[in-house]
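Spelled out, the chains give:
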Amino acid sequence: MAYLMVFLPLFLVLAFLTLRRTYLQKEFCYYVLQIPIFAAVLILNILIASGVQIPSISSVLMKFLSNFVK
Amino acid sequence: MQRTDVSAKQMEATVAMFLIGSSLVKSGSSPAKQDTWICIIIAVILSIPLMWVHTRILNLYPGRNYYQNILRAMGRPAGTVVCLIFTLYTFHLGALVMRIFSEFIHVAGMTSTPIVAISTVIVAVLVYMLSNRLYVLARISKFMLPFLYITVAITIILSYQNMELSNLMPILNSKPSDLFQGVLSALAVPYGEILVCAPMFGALSREEKIFPTMLKEVILGFVILISANLRNFLTLGYSVSVYQFPSFESVSLVQLGDFFTRIEVLIGINLLLAGFFKCCVLLFSACDALSETLGLQDYEPLVSPCALLFLTLSGLLVGNTLEMFRWMEYMSVYTLPFQVFLPVLVLIVGVVRKKFSKPQKHGKSPDVKNEESPPPRPQEN
């Protein structure tokens, strides 16, 4: 909960300002990237805040690279 | 020169701050132990050909836009794949750097503050800085770099009484394999990362040459890094490898009487400044790569989403501090394809294609598919 209380204000402010600016400037091509990234970021952070065990990216890479590094 | 162009001195300062960034944290030992300073010197010499490669890529076609040149050199399909690979690398590196600095602030100063809160504040300032364009970052870099030099010099002078020359002995006693790993490690972080600085040269004013600017940048960064590394080793000796943040620990030993102590706050300020600039450059590079790959006109609308992605990835990248420092041992192997193989491949393919491409009747390169040449990108306002 504390995680979301810290993250959500920043996310909401940045998302609102960015999407609004894109809408006002009528550059709708940027929505193709902005909206999916914002959605993915929100979902991932909700998962992190809810305590779901997500394996870290480094641990996955280290398992793969351990074949090349002693 | 336009008001929003970046001068050579500003670019030198920006890239020097970038190179100093995470290495002020990492300036500890490598497998080569007391010969780490020799590995750093060799790594700098080895980075000169890398700089030459990036310069050639930037000069392949007019405009000095790194990712556009990759797309034109490799062709649209292969170039898109290469740009996406570079984008992923930049995102990974940016998230890692953000995590390192948030961890440092959490461990060294604000132990009760959640790491996400520290990262959130960093992201907010990053977005504001980069939304005002790259030339703002460059001007601040030029202003702040002397401060870094002065603080490192002060810490070296004040650490003099704690230094022992015997900590560097015996010289070149390390095994060749350890020296080699040390050189790879020093090349991977930070000199090989000059790759992510190459896109910034699109903002460099047209009168300035790229390679001399890059060389001066690396030398400026090298001076501080070798000084910090030698200071750490002379002060702490072999115990450098024990500490997570050796620069912080070596300066914490400085004490003049009973009143002049705890000057490691200077290192903390240095770290925050240099690390912040490094995050900013990485964010710019990631946004630029994405916008070029997808054929978008400007990178600025992507700053906020990419910054939030940095924040999220920094939380997903590593589980804890120990895992973060364990990952640094794999960095030299992981980054080699991105820093060395791919740029060399792009250059070779680009030079060959340019040499054998026939100019069209109206003087256009066959790589340009549009009937009209693409409008100049608004790099700056």
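Predicted, not measured: the structure shown is a model, and the values here were computed from it.

A. Broad picture of the overall build of chain A. Across its full length, chain A carries 3 helices and 0 strands. In sequence order, the secondary structure elements of chain A are arranged as α-α-α. Along the three orthogonal principal directions, the C-alpha set of chain A runs to about 55 × 30 × 15 Å. Counting all 70 residues of chain A, 31% fall into the buried class. Entry remark: accessible area of chain A is about 4,700 Å², with carbon and sulfur atoms responsible for 74%.

B. Fine view of the overall build of chain B. Broken down by element type, chain B carries 14 helices and 0 strands. In chain B, the succession of helices and strands from N to C terminus is α-α-α-α-α-α-α-α-α-α-α-α-α-α. A buried classification covers 59% of the 381 residues belonging to chain B. Considering only intrachain contacts with a sequence separation of at least 6, the fraction spanning at least 24 residues in chain B is 82%.

C. Up close: the UniProt feature "transmembrane region" (unreviewed entry) in chain A. UniProt annotation of "transmembrane region" (unreviewed entry) refers to residues 31–54 of chain A when read in the numbering used here. Summarising residues 31–54 of chain A: 79% helix, 0% strand, and an end-to-end C-alpha distance of 28 Å.

D. View of the nonpolar core. All names here are of chain B. Ranked by internal contacts, the top residues of the largest apolar core, which has 134 residues, are I70, Y191, L283 and L308. Looking at this core, the element that brings in the most residues is helix α11 (residues 264–293), giving 16 residues. Setting aside residues up to four positions removed in sequence, I70 forms contacts with I57, G75, G79, V82, C83, F86 and V346. Listed in part, the 6 residues of the second largest apolar core include F233, L234, L236 and V240.

E. View of helix α2 (residues 31–49) of chain A. Counted at 1.5 Å a residue, the expected span for α2 of chain A with its 19 residues is 27 Å, and the 26 Å between its end C-alpha atoms agrees. All of the buried residues in α2 of chain A are Y31, L33, Q34, I37, F38, V41 and N45 of chain A. End-on view of α2 of chain A: buried residues confined to an arc of 165 degrees, all on one side of the axis. Away from its buried face, by an angle of more than 90 degrees, α2 of chain A presents the exposed residues V32 and I43 of chain A. As for α2 of chain A, its buried residues are in contact with α1 (2–24) of chain A together with α11 and α12 (303–317) of chain B. At the C-terminal side of α2 of chain A, G51 of chain A shows a positive phi close to 85 degrees.

F. Fine view of the interface of chain B and chain A. With 32 residues of chain B at the contact, the number on the chain A side is 30 residues. With both chains or domains summed, chain B and chain A bury close to 2,900 Å², and 81% of this area falls on carbon and sulfur atoms. Ranking the residues of chain B by area buried against chain A places L308, L316 and Y330 of chain B at the top, with a combined share of 22%. Inspection of the region where chain B meets chain A yields 1 salt bridge. With its nearest N and O atoms 2.2 Å apart, the salt bridge here joins R21 of chain A to E300 of chain B. Taken together, the links from chain B to chain A amount to 10 residue pairs in polar contact (both at pLDDT 80 or more). Ranked by residues supplied to the side of chain B that touches chain A, first place goes to α12 of chain B with 9 residues. Residue composition of the side of chain B that touches chain A, by class: 22 nonpolar, 6 polar and 4 charged.

G. Molecular detail of the packing of aromatic side chains. Residues and elements named next belong to chain B. Overall, the coordinates contain 13 aromatic pairs over all chains when judged by the stated rule. Relative to F338, the ring of Y89 has its centre 4.9 Å away and its plane inclined at 15 degrees; by these criteria the two rings are stacked. With Y89 in helix α5 (residues 76–108) and F338 in helix α14 (residues 331–356), the pair connects residues that are 249 residues apart, well separated along the chain. We classify Y89 as buried; its relative accessible area is 1%. Using a relative accessible area of 13% as the deciding quantity, one classes F338 as buried. One aromatic cluster is present, formed by Y89, W327, Y330, Y334 and F338 through successive ring pairs. Taking NZ or CZ as reference, K354 lies 5.4 Å from the ring centre of Y61, over its face.

H. View of the pattern of salt bridges. Residue and element names in this part refer to chain B. Summed over the entire model, instances satisfying the criterion amount to 5 salt bridges over all chains. A salt bridge links R133 to D298, with the shortest nitrogen-to-oxygen separation between them at 2.6 Å. Of the two residues, R133 is situated in the loop between α6 (115–131) and α7 (134–158) and D298 in the loop between α11 and α12; the sequence distance between them amounts to 165 residues. Accessibility assignment for this pair places R133 and D298 in one class, buried.

I. Focus on the confidence of the model for chain B. Residues and elements named next belong to chain B. Here chain B shows a mean pLDDT of 83. Residues at 70 or above account for 90%. Looking over chain B, one finds the lowest element-wise mean pLDDT in helix α2 (residues 23–26), namely 62, and the highest in α12, namely 93. Contacts from residues 361–381, a stretch scored under 50 in pLDDT, to residues over four places away or in other chains number 39 contacts. We note a pTM of 0.88 for the whole complex and an ipTM of 0.93 for its interfaces.

J. Representation of a nonpolar patch on the surface. A surface patch of nonpolar side chains, about 300 Å² in accessible area, is lined by I43, L47, V52 and I54 of chain A. Residue classification places I54 of chain A among the partly exposed positions, given a relative accessible area of 34%.

Cut-off values and rules
Residues numbered from 1 in each chain as written. Chains lettered and ligands numbered in written order. Predicted model: local features only at pLDDT ≥ 70, side-chain atom pairs only at ≥ 80, totals over all residues. Heavy atoms only, no water. Helix = DSSP H or I, 4+ residues; strand = E, 2+ residues; numbered from the N terminus. Buried < 20%, exposed > 50% of the residue type's maximum accessible area, 1.4 Å probe, protein only. Areas by Shrake-Rupley, 256 points an atom, 1.4 Å probe, with all protein chains shown as cover. Contact = heavy atoms within 4.5 Å. UniProt positions renumbered as here; feature names shortened; annotations may be inferred. Core = buried A, V, L, I, M, F, W, Y, C linked by side-chain atoms within 4.5 Å. Expected span 1.5 Å × (residues − 1). Arc of directions from axis to C-beta. Buried area = accessible area lost by both parts, 1.4 Å probe. Salt bridge = Lys/Arg side-chain N within 4 Å of Asp/Glu carboxyl O. Polar contact = N/O pair within 3.5 Å; in protein donor to acceptor, adjacent residues only side chain to side chain. Nonpolar A, V, L, I, M, F, W, Y, C, P; charged D, E, K, R; others polar. Phe/Tyr/Trp six-rings, centres within 6.5 Å; stacked < 30°, edge-to-face > 60°. Lys NZ or Arg CZ within 6 Å of the ring centre and 35° of its normal. pLDDT = per-residue confidence, 0-100. Patch = residues over 30% accessible without salt bridge, like charges linked within 9 Å, V, L, I, M, F, W, Y side chains within 5 Å.

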